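Fold and geometry: a report
Chain residues, written in single-letter form:
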Amino acid sequence: MSTDLSAIGEDLLLRRMNERIIDCKLCPRLIKYSREIGKTRIQKFTDEVYWAKPVPTFGDPKAKLLVIGLAPAARGGNRTGRIFTGDSSGDWLVKALFETGFANKPTSVSKDDGLILKDAYLTAAARCAPPENKPNPSELVNCSEYLKSEIKILEKTTKVVLTLGKIAFDAYCKVCNVKGLKFGHNKIYPIHNDKTLIVSYHPSRRNTNTGTLTWQMWINIFQKARSIINN
Ligand code: SF4
């Protein structure tokens, strides 16, 4: 059986970067908040030991679809130790990835749940849970170095970049020096090196519970990404 050395290279680079992320202490406010959340457990997860530190990103090291979210949820990724895992945004995201062939199962509940992504990689503008889901500008600048590295590592294979919410959209544009684009749901832009940027609302409860983002609006985004990747 032949071995794909380039994939091993990207896998190794992403693993090393995630080791650095886990040890990162650049944003004291977020490190403190993540730890505090880990200590103040709620009844639903009372028996769980929270991850309570910077959350690694994950997915296929040969991803064609790069999904950029906001940050780990306090009782989602900050609890489970995997981004988009164990919270309602993760539920929406992974169900859509499964329905469009990017995931082997429709749920994302723990690091050890057997979820495997194919052609997709999940990351975020910030890798620590922020109070009220709002990282400070300086914290976003700190974490942008990791986003920049991921974009570079995945550069060869990425065909579609999907940003979820305005903070992720702004973070991507800043890191890649993309100017003049407007945020809005289902906006599609050609970007450098024959890639496509798809802009979406974030699947937070505030959007999904109010009808700002319906399931049909959401799944259309992933169907579009799938169609671009397949063509
Ligand atoms: S948000 Fe990013 S830069 Fe800040 S401490 Fe967490 S991992 Fe480090």
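As shown above, the structure is provided for reference.
Cut-offs applied
- Residues numbered from 1 in each chain as written.
- Predicted model: local features only at pLDDT ≥ 70, side-chain atom pairs only at ≥ 80, totals over all residues.
- Heavy atoms only, no water.
- Salt bridge = Lys/Arg side-chain N within 4 Å of Asp/Glu carboxyl O.
- Helix = DSSP H or I, 4+ residues; strand = E, 2+ residues; numbered from the N terminus.
- Buried < 20%, exposed > 50% of the residue type's maximum accessible area, 1.4 Å probe, protein only.
- Near = heavy atom within 4 Å.
- 1 Å grid on protein atoms, 1.4 Å probe; cavity = no way out; pocket = protein on both sides within 12 Å on 5 of 7 lines; lining within 4 Å.
- Sits in = over half its atoms within 2 Å of the grid points.
- Nonpolar A, V, L, I, M, F, W, Y, C, P; charged D, E, K, R; others polar.
- Core = buried A, V, L, I, M, F, W, Y, C linked by side-chain atoms within 4.5 Å.
- Contact = heavy atoms within 4.5 Å.
- Points joined across faces, edges and corners; volume = space filled by probe spheres on them.

**Looking at the pattern of salt bridges**
The tally for this structure, following the rule as stated, stands at 13 salt bridges. A salt bridge links Glu10 to Lys156, with the nearest nitrogen and oxygen atoms 3.5 Å apart. With Glu10 in helix α1 (residues 5-23) and Lys156 in the loop between α5 (137-153) and β4 (160-164), this residue pair connects regions lying 146 residues apart in the sequence. With a relative accessible area of 66%, Lys156 lands in the exposed category. Linking Asp170 and Lys166 is a salt bridge whose minimum nitrogen-to-oxygen distance equals 2.8 Å. With a gap of four residues between them, Asp170 and Lys166 both fall in helix α6 (residues 166-175), about one helical turn apart.

**As for the site of the ligand**
Around the ligand lies a shell formed by Cys24, Leu26, Cys27, Leu30, Pro54, Arg127, Cys128, Asn142, Cys143 and Tyr146. The cavity where the ligand resides is the largest cavity. Class assignment of the residues belonging to the shell around the ligand gives a composition of eight nonpolar, one polar and one charged.

**Overview of the nonpolar core**
Core analysis: the biggest nonpolar cluster contains 31 residues, and Leu65, Leu93, Leu97, Leu122, Leu162, Trp218 and Phe222 have the highest contact counts within it. Residue assignment for this core shows that the elements contributing at least two residues are β2 (65-69), α4 (88-99), β3 (120-124), β4 and α8 (215-230). Take this core: its biggest share by element is seven residues, from α8. With near-sequence residues (within four places) excluded, Leu65 lies in contact with Leu97, Phe102, Asp119, Ala120, Tyr121, Val160, Leu162, Ala225 and Ile229. Of all hydrophobic cores here, the second largest spans 23 residues; its members include Ile153, Phe169, Ile191 and Leu197.

**So, the layout of surface pockets**
Empty space within the largest pocket amounts to approximately 860 Å³. The wall of the largest pocket is formed by 35 residues, among which Ala73, Ser89, Asn133, His202 and Ser204 lie closest to the centre. Elements supplying a minimum of two residues to the lining of the largest pocket: α3 (77-80), α4, α6 and α7 (205-208). Tallied by class, the residues present in the lining of the largest pocket amount to 14 nonpolar, eleven polar and ten charged. The computed volume of the second largest pocket comes to approximately 330 Å³. Around the second largest pocket sit 14 residues that line it, and Arg15, Asn18, Pro56, Thr57 and Phe58 are the ones nearest its centre. No other element matches α1, which puts four residues into the lining of the second largest pocket. Taken together, the residues of the lining of the second largest pocket sort by class into six nonpolar, four polar and four charged.

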